[in-house]
Amino acid sequence: MIPRRRNSKKGRVEIIPMIDVMLFLLVFFIMITLQMITDKGLKLQLPTSSTAKELPHPHFVINIEKNGKVIVKGKEMPLDQLQSFLSADGDVEHTQVTIAADKVVPFQQFVHVMDTCQKAGVTQIGIATKAT
């Protein structure tokens, strides 16, 4: 019996699937990078503190303006919407929130926002102040 010789085909490098994979990775890394950009908050006149410390970047910065508006990620939110927004974050127990209230905001409004965070299940709450 005489063995037949197969026609050997040379391997080809397919460039189009490789380009697709590279574009997918590029989009993936861009999306991850955008998620890492933290919310800077608004320019408020923060109260001063002699014991202010630098904290790691929180997941959310909740701003309370002079007129009592609560703003998160550039959107005004009533307290009930804020509670559902924080509850939907996923792992709420590890969600870090910083509350930045203008120094003329009544303390009661600040307490309402803090209560709303606690009702949502957030346990890591920071208070933004300016160092003296």
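Because the structure is a prediction, the values reported are computed rather than measured. Numbering of residues starts from 1 in every chain and runs along the sequence as written. pLDDT decides what is reported in this predicted model: residues at 70 or higher carry local features, side-chain atom pairs at 80 or more are listed and counted, and totals for whole chains, interfaces and linings draw on all residues regardless. Working from all heavy atoms in the structure, the side-chain values ignore hydrogens and water.

S.K.: Could you give an account of the overall build of the protein chain, naming the residues involved and the relevant values?
M.R.: Working definition: helices are DSSP H or I runs of at least four residues, strands are E runs of at least two. Numbering for both runs from the N terminus. For the protein chain, the helix and strand inventory stands at three helices and seven strands. Element order for the protein chain, N to C, with α for helix and β for strand: α-β-β-β-β-α-β-α-β-β. Every one of the 132 residues in the protein chain was classed for burial, and the buried ones make up 25%. Any two residues whose heavy atoms approach within 4.5 Å are treated as being in contact. Pairs at least 24 apart in sequence give 71% of the contacts found in the protein chain among residues at least 6 apart. Exposure was quantified through the Shrake-Rupley algorithm and a 1.4 Å probe, taking into account, for residues, occlusion by the shown protein chains and nothing else. Counting every atom, the protein chain has about 10,500 Å² of accessible surface; 59% of that belongs to carbon and sulfur. Each residue is assigned to one of three classes by its accessible area relative to the maximum for its type, calculated with a 1.4 Å probe on protein chains only: buried under 20%, partly exposed between the two thresholds, exposed over 50%.

S.K.: Which residues make up the sheet that holds strand 6 (residues 124-127), and what are the values?
M.R.: Strands in a sheet are paired, the pairing made by backbone hydrogen bonds, and the direction either parallel or antiparallel. One open sheet holds the five strands; their spatial order is 4-3-2-5-6, and the pairing between them is mixed. At either margin of the open sheet sits one strand with a lone partner, and together these are strand 4 (75-76) and strand 6. DSSP-based pairing: two strands are paired if at least 2 bridges between them are found. Direction of pairing for strand 5 (residues 96-101) relative to strand 6: parallel, over a ladder of four bridges. Across the sheet, residue Ile99 finds its bridge partner in strand 6, namely Ile127.

S.K.: Explain the pairing of strand 2 (residues 60-64) to me, using residue names and the numbers behind them.
M.R.: Of all five residues in strand 2, five are buried, a share of seventy percent or more. Alternating residues of strand 2 divide into Phe60, Ile62 and Ile64 and Val61 and Asn63, and every residue in both groups is buried. The sheet contact formed by strand 2 and strand 5 spans five bridges and is parallel. Within the sheet, the bridge partner assigned to Asn63 lies in strand 5 and is Ala100. One ladder, built from three bridges, connects strand 2 with strand 3 (residues 70-72); its direction is antiparallel. Bridged to Ile62 within strand 3 is Val72. Where strand 2 folds back onto strand 3 in an antiparallel hairpin, the turn is made up of five residues, including Gly68, whose phi is positive at roughly 95°.

S.K.: Give a description of helix 3 (residues 107-120) that names residues and reports values.
M.R.: The first and last C-alpha atoms of helix 3 sit 20 Å apart over 14 residues, in line with the 20 Å expected at 1.5 Å per residue. Residues of helix 3 that are buried: Gln109, Phe110, Val113, Thr116, Cys117 and Ala120. For helix 3, the angular spread of the buried residues around the axis is 120°, confining them to a single face. The exposed set on the far side of helix 3, more than 90 degrees from its buried face, consists of Phe107 and Lys119. In this structure, the buried side of helix 3 is in contact with strand 2, strand 3, helix 2 (79-87), strand 5 and strand 6. At the exit of helix 3 stands Gly121, carrying a positive phi of roughly 105°. Here the expected span of a helix is defined as 1.5 Å times the quantity of residues minus one. This arc describes the spread of directions from the helix axis toward the C-beta atoms.

S.K.: Quick rundown of the packing of helix 2 against helix 3? Include the residues and the values.
M.R.: Orientation is described by lines fitted to C-alpha atoms, with helices fitted over the stretch in contact, and by angles between N-to-C directions that extend from 0 to 180 degrees. For the pair helix 2 and helix 3, the least separation of the axes is 8 Å and the interaxial angle reads 35°. The crossing of helix 2 and helix 3 is right-handed. Mapping the contact onto sequence places Leu79, Leu82, Gln83, Leu86 and Ser87 in helix 2 and His112, Val113, Thr116, Cys117, Lys119 and Ala120 in helix 3. The class makeup of the residues in the contact of helix 2 with helix 3 is six nonpolar, four polar and one charged. Note on convention: near helix rotated counterclockwise from far helix by under a right angle means a left-handed crossing. Clockwise means right-handed. Three classes are used, and their members are as follows: Ala, Val, Leu, Ile, Met, Phe, Trp, Tyr, Cys and Pro are nonpolar, Asp, Glu, Lys and Arg are charged, and the others, Gly among them, are polar.

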